[in-house]
Amino acid sequence: MNKANIIKNTIVFVKKELENAEGGHDWFHIERVYKNALLIAKKEQVDVFVISLGALLHDIADPKFYNGNETVGPKVATAFLEKQKVNNEVIKHVINIINHISFKNSFDKTGVKFTSKELEVVQDADRLDAIGAIGIARCFNYGGFKNRALYNPEILPNLNMTKEEYKNSSAPTINHFYEKLLLLKDKMNTTSGQQIAADRHSFMEGYLKQFDDEWNGIK
């Protein structure tokens, strides 16, 4: 099993699979998560090969683009990795990362939870791409993709959603900051993730203050 070749093949595969993806969940999102995961991994005792595959394949078939079906991504990833003759234990670990990385799973308080340092690293890398300047851009890009309102003062953020309510939400884009993005700083697993998230979180707070002032005609 030539790990370097498998990583190269995975990059080619993911680029092809996501060539027509929505702009916030395209190859460039994957590339940023991959780079962040490798950066965080430098200070952690982890399997970099598992992290690389987990980061590259974590959004190969995001459920939100498959009518909420959470089985598509793991199936696509498994089939690809088997063709690459990746070790079964590595495949199992990567699929567990795909199954457990999403923020929406934090709403699910039942069932057996999977944990690993590799999951923590990839999860932090993915969450970092959801906050800060790029996180803001991605948030509004997806809101536009779904034809959602920018903001509606009469529709308040729902801070007590179930997993299904979160998945099916059609609330204005600004609400997503309060329902998810501003919560991510305190959900980081690693020290490196926490440090990077702090700056990006502050940037979002400044943006929301400016947005609120402009909305209300203060500035």
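Calculation rules
Residues numbered from 1 in each chain as written. Predicted model: local features only at pLDDT ≥ 70, side-chain atom pairs only at ≥ 80, totals over all residues. Heavy atoms only, no water. Helix = DSSP H or I, 4+ residues; strand = E, 2+ residues; numbered from the N terminus. Expected span 1.5 Å × (residues − 1). Contact = heavy atoms within 4.5 Å. Phe/Tyr/Trp six-rings, centres within 6.5 Å; stacked < 30°, edge-to-face > 60°.

Asker: Tell me about helix α4 (residues 72-83), and please be specific about residues and values.
Answerer: If you check α4, its first and last C-alpha atoms are 17 Å apart, about what 12 residues at 1.5 Å a residue would give, namely 16 Å. At its buried positions, α4 is contacted by α1 (3-17), α3 (48-57) and α5 (88-100). Directly after α4, the chain includes Lys 85, whose backbone phi takes a positive value near 60°.

Asker: I'd like a description of the packing of aromatic side chains, backed by residues and values.
Answerer: Applying the stated criterion to the full structure yields 10 aromatic pairs. Pairing Tyr 151 with Phe 211 gives two aromatic rings, centres 5.9 Å apart and planes at 80°, and the pair type is edge-to-face. With Tyr 151 in the loop between α7 (132-145) and α8 (163-167) and Phe 211 in helix α10 (residues 191-215), the pair connects residues that are 60 residues apart, well separated along the chain. Seen in terms of ring centroids, Phe 177 and Tyr 207 are 6.2 Å apart; in terms of plane orientation they differ by 25°. Their pairing is stacked. Placement of the pair is Phe 177 in helix α9 (residues 173-179) and Tyr 207 in helix α10, with a sequence separation of 30 residues.

Asker: Help me get a handle on unusual backbone geometry, residues and values and all.
Answerer: Located in the positive-phi region is Lys 85, a residue other than glycine, with phi close to 60°. Here Lys 85 is to be found in the loop between α4 and α5. At Asn 147, a residue that is not glycine, the phi angle is positive and equals roughly 55°. Within the secondary structure, Asn 147 sits in the loop between α7 and α8.

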